[in-house]
Amino acid sequence: MTILTQVEQLEIEYPSSDGEPMAESDITRDYMTYSVEAVKLYFQERSDVYVSANSFIYYEQGNNQAVVAPDIYVVFGVANRKRDNYKVWEEGGITPDFVLEITSETTQTKDQETKPEIYRALGVREYFQYDPSGDYLNPILQGVRLINNQYEPIAGNNVAFDTLWLFSEVLGLELHLISGELRFRVPETGEFLKTHKEENQGRRAAESTLRSLVTQLLNSGMSLEQVAQMMNLSTLEVRRLVGENF
């Protein structure tokens, strides 16, 4: 085994990019965006959970070839802060707990053969694969869990080829396929996780519905104060909703 001096170790570069352009399909990119944003939002109040996507994990100090780039990964027990890349030795030896790969024609071999061995050696507790095209995996969502240093399949609750769900013990979330569409679900509430955009769209839709109801009540002859009391709103909020129309 080669032992590097401290100076030699400092001179080794750990790039955040391999210099090659990212070539991803719209489908792969959309599901990566959904997954990382939704899971980040879910854990946003946790200062000890790091969620990232398609960034390099270097797992051997002094060897910049010992690297892997999961599509989505979650690490518990490290600071929730922005990183150029993830160096295991700078994080107290803590490795990812959860990995999700969006499988495609160009990544299938790595996702099914090379990466599982790396993730197992790193102690990644759960590894999921999702094939949105339905060309490479059957069922198209699969997961394994590390038991006695070996990956064992996670039982799926099948409804159909493209409609099923699996439970992630690591995240405490269900991974659902609904007619082939991947979504994360909170089992306690039944709520499906949303991205920032979906959250904002939901708020705007709810406000639009509320504005319509307030307007109807005011048009019926009720006063601002009466509507505010009925809707459990302040009169200022009622005025904001209807603007200068009343």
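Residues numbered from 1 in each chain as written. Predicted model: local features only at pLDDT ≥ 70, side-chain atom pairs only at ≥ 80, totals over all residues. Heavy atoms only, no water.

Visitor: Could you give an account of the pattern of salt bridges, with specific residues and numbers?
Guide: Scanning the model with the defined rule gives 10 salt bridges in all. Among the ionic pairs, Arg-145 bridges to Glu-126, the shortest N-O distance being 2.9 Å. Highlighted residues: Arg-145 in strand β8 (residues 141–147) and Glu-126 in strand β7 (residues 126–130), separated in sequence by 19 residues. Sharing partners across several salt bridges, the network here consists of Arg-81, Arg-83 and Glu-91. (Salt bridge = Lys/Arg side-chain N within 4 Å of Asp/Glu carboxyl O. Helix = DSSP H or I, 4+ residues; strand = E, 2+ residues; numbered from the N terminus.)

Visitor: Requested: an account of the packing of helix α5 (residues 224–231) against helix α6 (residues 235–242), with residues and values cited.
Guide: If you want to describe how two helices pack, look at the angle between their axes and the distance between the axes. In the contact formed by α5 and α6, the axes pass within 9 Å of each other and the chain directions differ by 105°. What the angle tells us is that α5 and α6 run roughly perpendicular. Where α5 abuts α6, its residues Leu-224, Glu-225, Val-227 and Ala-228 lie against Thr-235, Val-238 and Arg-239. Its residues placed into classes, the contact of α5 with α6 shows 4 nonpolar, 1 polar and 2 charged. (Axes fitted to C-alpha atoms, helices over the stretch in contact; angles between N-to-C directions. Parallel < 35°, antiparallel > 145°, perpendicular 65-115°, else oblique. Contact = heavy atoms within 4.5 Å. Nonpolar A, V, L, I, M, F, W, Y, C, P; charged D, E, K, R; others polar.)

Visitor: Could you give me a rundown of the nonpolar core, with the residues and numbers involved?
Guide: By size, the foremost hydrophobic cluster in this structure holds 31 residues, and its most contacted members are Phe-98, Leu-100, Tyr-130, Leu-171 and Phe-184. Elements with a contribution of two residues or more to this core: α2 (26–42), β1 (49–53), β4 (72–76), β6 (98–102), β7, β11 (163–168), β12 (173–178) and β13 (181–185). Per element, the largest residue contribution to this core is 6 residues, and it comes from α2. Not counting the four nearest positions on each side in its chain, Tyr-130 is found in contact with Tyr-31, Leu-100, Glu-101, Ile-102, Thr-103, Leu-137, Ile-140, Leu-141, Leu-177, Gly-180, Glu-181 and Leu-182. Ile-57, Val-68, Tyr-73 and Tyr-151 belong to the second-largest nonpolar core, a separate cluster that totals 15 residues. (Core = buried A, V, L, I, M, F, W, Y, C linked by side-chain atoms within 4.5 Å. Buried < 20%, exposed > 50% of the residue type's maximum accessible area, 1.4 Å probe, protein only.)

Visitor: Run through the sheet that holds β13, naming residues and quoting values.
Guide: What the 4 strands build is an open sheet, ordered β10-β11-β12-β13; its pairing is antiparallel. The outermost strands of the open sheet, each flanked by one partner alone, are β10 (157–160) and β13. Averaged over all neighbouring strand pairs, the angle between strand axes comes to 20°, with direction disregarded. The pairing of β12 with β13 spans 5 bridges and is classified as antiparallel. The residue of β13 that forms the bridge with His-176 is Arg-183. (Pairing = 2+ DSSP bridges.)

Visitor: So what's going on with the environment of Leu-175? Residues and values would help.
Guide: Turning to its location among the elements, Leu-175 is positioned in strand β12. Residues Leu-175 and Gln-142 lie 33 residues apart in sequence; the distance between their C-alpha atoms is 9.7 Å. If we skip the residues at most four places from it in the chain, Leu-175 touches Phe-98, Phe-128, Leu-141, Leu-164, Trp-165, Leu-166, Ser-168, Leu-182, Arg-183 and Phe-184.

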